[in-house]
Amino acid sequence: MKILKNLLEDCKHLLFIDFEGTQMSHEVIAIGALICDCDSSYIPSNEYKTFKCYVKANAPIGYIIETMTGITQSKLDEEGLTFEDAMLKLNLFIANKTDKLKVVTYGNQDVRMLMTTLSKVNNPSPFLKEFCNFLAKNTLDFGTFISKYIRGKKNEFISLIHLRDFLKIAPSGTSHDPLVDSMDLYNIFKTITSHKEILIEAYTSLLVNSNLVPASIKNLIVDLVNGKSVSPEDFKLALEIYFSWTTLMEKNTNHKT
């Protein structure tokens, strides 16, 4: 898909990753990941490997996070690794696919949690700093990318769950499990890169319904969607209406009030 080309930079491997973190300190407490190859159109392969581990944190998990994820302090005590050991394990999981690898997340919170957790490690090893920076540097925030084309009814950024439902993709399991969320992200990414008509339809709907498009121009888009002819003169007139002195004055008045 050409619109992803500049973001993916001819990558050959995709790491879909999701972190769960503590409620207040935003330290990583669980990691879920899926790695696969992709073709020249960035369509993920059907063959993939998955990864999951728990991570011990310095701060309490928090009631909301415990309720949402089902991760308890006792689980972290029994199964949790140190952050460095978790990163070592993740590095082994990635193995020889670090070259031309892109790390795909949904939203920017995952990178923030990663770097926040690193900042709370006393005397982090050179490996830990280098590996965390490598992941952050090679991250593609797919949520921000897709929000240009698919948004909620009120033009809001939509959650991973709502995007999955919008695309009619069956859930991989219970949401807010980091492995399930990374698998859902893989399925979403694969659906969109494999079927560009889905994105075209969604973007058309966004243009028609979005409040970000001026009414005079939106009317032209609606005409085009309905099969009517629109001329360059029509477009020029719509722009003149939008940028007319009266319209600009109304905008300034509304802004002040």
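What counts as what
Residues numbered from 1 in each chain as written. Predicted model: local features only at pLDDT ≥ 70, side-chain atom pairs only at ≥ 80, totals over all residues. Heavy atoms only, no water. Helix = DSSP H or I, 4+ residues; strand = E, 2+ residues; numbered from the N terminus. Buried < 20%, exposed > 50% of the residue type's maximum accessible area, 1.4 Å probe, protein only. Contact = heavy atoms within 4.5 Å. Areas by Shrake-Rupley, 256 points an atom, 1.4 Å probe, with all protein chains shown as cover. Axes fitted to C-alpha atoms, helices over the stretch in contact; angles between N-to-C directions. Parallel < 35°, antiparallel > 145°, perpendicular 65-115°, else oblique. Expected span 1.5 Å × (residues − 1). Polar contact = N/O pair within 3.5 Å; in protein donor to acceptor, adjacent residues only side chain to side chain.

Of regular secondary structure, the protein possesses 13 helices and 5 strands. Overall, the C-alpha framework of the protein stretches about 65 × 45 × 35 Å when taken along its three principal axes. Each of the 257 residues in the protein was classed as buried or not, and the buried ones make up 43%. By sequence separation, contacts in the protein at least 24 residues apart represent 67% of the contacts at least 6 residues apart. Put simply, the protein shows about 14500 Å² of open surface, and 54% of that area lies on carbon and sulfur atoms.

Between helix α11 (residues 215-225) and helix α12 (residues 232-242), the least distance of the axes is 8 Å, while the angle of their chain directions is 155°. As the angle between them shows, α11 and α12 are arranged roughly antiparallel. Between α11 and α12, the residues in contact are Ser216, Ile217 and Leu220 and Asp234, Phe235, Ala238, Leu239, Ile241 and Tyr242, respectively.

The periodicity of an α-helix, 3.6 residues per turn, causes residues three or four places apart in sequence to face the same way. In this model, helix α9 (residues 178-194) (17 residues) spans 24 Å end to end at C-alpha, consistent with the 24 Å of a helix rising 1.5 Å per residue. Near the N-terminus of α9, the side chain that reaches the backbone nitrogen of leucine 179, with its oxygen 2.9 Å away, is that of aspartate 177.

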